[in-house]
Amino acid sequence: MQSSPSRKLVLGSTSVYRRELLARLRLPFIVAAPDVDETPLPGEAPAALARRLALAKARAVADMHPDCIVIGSDQVADLHGQSLGKPGTHDRAVAQLQAMRGQTVIFQTAVAVVCKASGFVQEDLAPVRVQFRDLGDAEIEQYLRAETPYDCAGSAKSEGLGISLLEAIDNDDPTALVGLPLIRTCRMLRAAGLNLWEQAT
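Sequence positions are assigned chain by chain, starting from 1 and proceeding in written order. Under the rules for a predicted model, residues below a pLDDT of 70 receive no local features and side-chain atom pairs below 80 are neither given nor counted, while totals for whole chains, interfaces and linings still include all residues. Remark: hydrogens and water are excluded; side-chain values derive from all non-hydrogen atoms of the structure.

### Here we look at the nonpolar core
Going by this rule: We define the nonpolar core as a collection of buried residues of types Ala, Val, Leu, Ile, Met, Phe, Trp, Tyr and Cys that are connected through side-chain atoms lying within 4.5 Å of one another. Burial here depends on accessible area, computed with a 1.4 Å probe over protein chains only, as a share of the maximum for the residue type. Under 20% is buried, over 50% is exposed, and the range in between is partly exposed. Only runs of H or I of at least four residues qualify as helices and only runs of E of at least two qualify as strands under DSSP, and these elements are numbered from the N terminus. Residues count as neighbours in contact if any of their non-hydrogen atoms are within 4.5 Å of one another.
Core analysis: the biggest nonpolar cluster contains 23 residues, and Leu97, Phe107, Phe132, Leu144 and Leu165 have the highest contact counts within it. Residue assignment for this core shows that the elements contributing at least two residues are strand E3 (69-79), helix H3 (90-100), strand E5 (104-115), strand E6 (120-132) and helix H4 (137-147). Ignoring anything within four residues of it in the chain, the contact list for Leu97 reads Phe132, Ile140, Tyr143, Leu144, Gly154, Ser155 and Leu165.

Shown next as structure tokens:
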């Protein structure tokens with residue numbers, strides 16, 4: 001696809017974490033909130049849920065900005081096939097971390113890029129395998145009081161104090177665990193015709 005330097009870039013997300021990650025690319029972009037129901041479908045696997053929501057978010061924002069290149073993303077924590085989303089409350093975060101202690105959790109992070117005007121649609125998944133330490137209840141409580149990660153799938157911020165809860169991280173796209181896999185995102189933006197070097201400021 002030919003380079004399209006005139007196309008504006010839109011991040012279809014309200015996540016401050018994704019906004020900070022995309023800003024690393026030094027590309028001008030705007031942010032738009034996608035109006036998408038994030039309720040899982042009956043029997044929907046975590047990876048399928050993440051992929052569906054990432055694409056739905058990108059498409060919803062592309063409908064509002066048809067001439068732009070739109071990024072949508074979603075992350076679902078996968079504990080033995082069970083989807084764990086954002087806890088929202090302290091009690092739910094406690095329950096999530098208690099369930100994940102000593103376990104391997106796969107954080108299914110999906111990204112989609114859509115341009116309605118050109119008909120471009122791509123999506124991909126960046127799974128991240130995370131081994132949690134065998135956390136004690138007191139340690140879980142102390143961590144949650146210190147960092148309050150109630151807006152994060154899996155109740156831990158790996159880019160912050162949450163890294164202390166982990167034994168190991170295994171992935172091929174280092175920013176995926178924070179919420180936006182930049183290697184895959186860059187690949188899709190190039191495929192969509194965005195010249196990253198010309199756009200970078």
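### A few points about the pattern of salt bridges
Let me state the cut-off plainly: Every case where a carboxyl oxygen of Asp or Glu lies within 4 Å of a side-chain nitrogen of Lys or Arg is listed as a salt bridge.
Tallied over the entire structure, the rule returns 12 salt bridges. Note that Lys116 and Asp63 form a salt bridge whose closest N and O atoms lie 2.8 Å from each other. Taken as a pair, Lys116 in the loop between E5 and E6 and Asp63 in helix H2 (residues 46-64) lie far apart in primary sequence, 53 residues in all. For Asp124, the salt bridge identified is with Arg184, shortest N-O distance 3.5 Å. In this pair, Asp124 is assigned in strand E6 and Arg184 in helix H5 (residues 182-191), connecting sequence segments 60 residues apart.

### Re the pairing of strand E2 (residues 29-32)
Stated formally: Pairs of strands are assigned from DSSP output, requiring at least two bridges between the strands. Handedness is read with the strands pointing away from the viewer; a crossover is right-handed when the path from the first strand over the helix to the second is clockwise.
For strand E1 (residues 9-12) and E2, the ladder comprises 4 bridges, and the chain directions are parallel. Bridged to Val10 within E2 is Ile30. Between the parallel elements E1 and E2, the chain passes through helix H1 (residues 16-23) in a crossover that is right-handed.

### What about the environment of Leu125?
Within the element layout of this structure, Leu125 appears in strand E6. Sequence separation between Leu125 and Asp35 is 90 residues; the distance between their C-alpha atoms is 21 Å. Those residues in contact with Leu125, other than ones at most four positions away along the chain, are Ala47, Ala50, Arg51, Gln108, Thr109, Ala110 and Arg184.

### Looking at the pairing of E6
Pairing analysis gives 12 bridges linking E5 to E6, with the strands arranged antiparallel. Along E6, the bridge assignment pairs Cys115 with Phe120. Hairpin remark: E5 followed by E6, antiparallel, with 4 residues in the connecting loop; positive phi at Gly119, about 80°. In the sheet, E6 pairs with strand E7 (residues 166-170) via 4 bridges, with the strands oriented antiparallel. From the neighbouring strand, Gln131 faces E7, where its bridge partner is Ala168.

### What about the side chain of Asp74?
Definition in use: Think of a polar contact as two N or O atoms within 3.5 Å of one another; within protein, one of them needs to be a possible hydrogen donor and the other a possible acceptor, and neighboring residues in sequence only count if both atoms come from side chains.
With respect to the element layout, Asp74 can be found in strand E3. A relative accessible area of 5% places Asp74 in the buried class. At a separation of 2.8 Å, a polar atom in the side chain of Asp74 contacts the side chain of Lys57. Contact partners of Asp74, with chain neighbours within four places excluded, come to Arg18, Glu38, Ala50, Leu53, Ala54, Lys57, Gln108, Thr109 and Ala110.

### Some remarks on the confidence of the model for the protein chain
Counted only if it meets this: Every residue gets a pLDDT, meaning the predictor's confidence in that residue, from 0 to 100.
Scored by pLDDT, the protein chain comes out at a mean of 94, with 96% of its residues at no less than 70. Within the model, the stretch residues 1-5 combines pLDDT values under 50 with 12 contacts to residues more than four positions away or in other chains.

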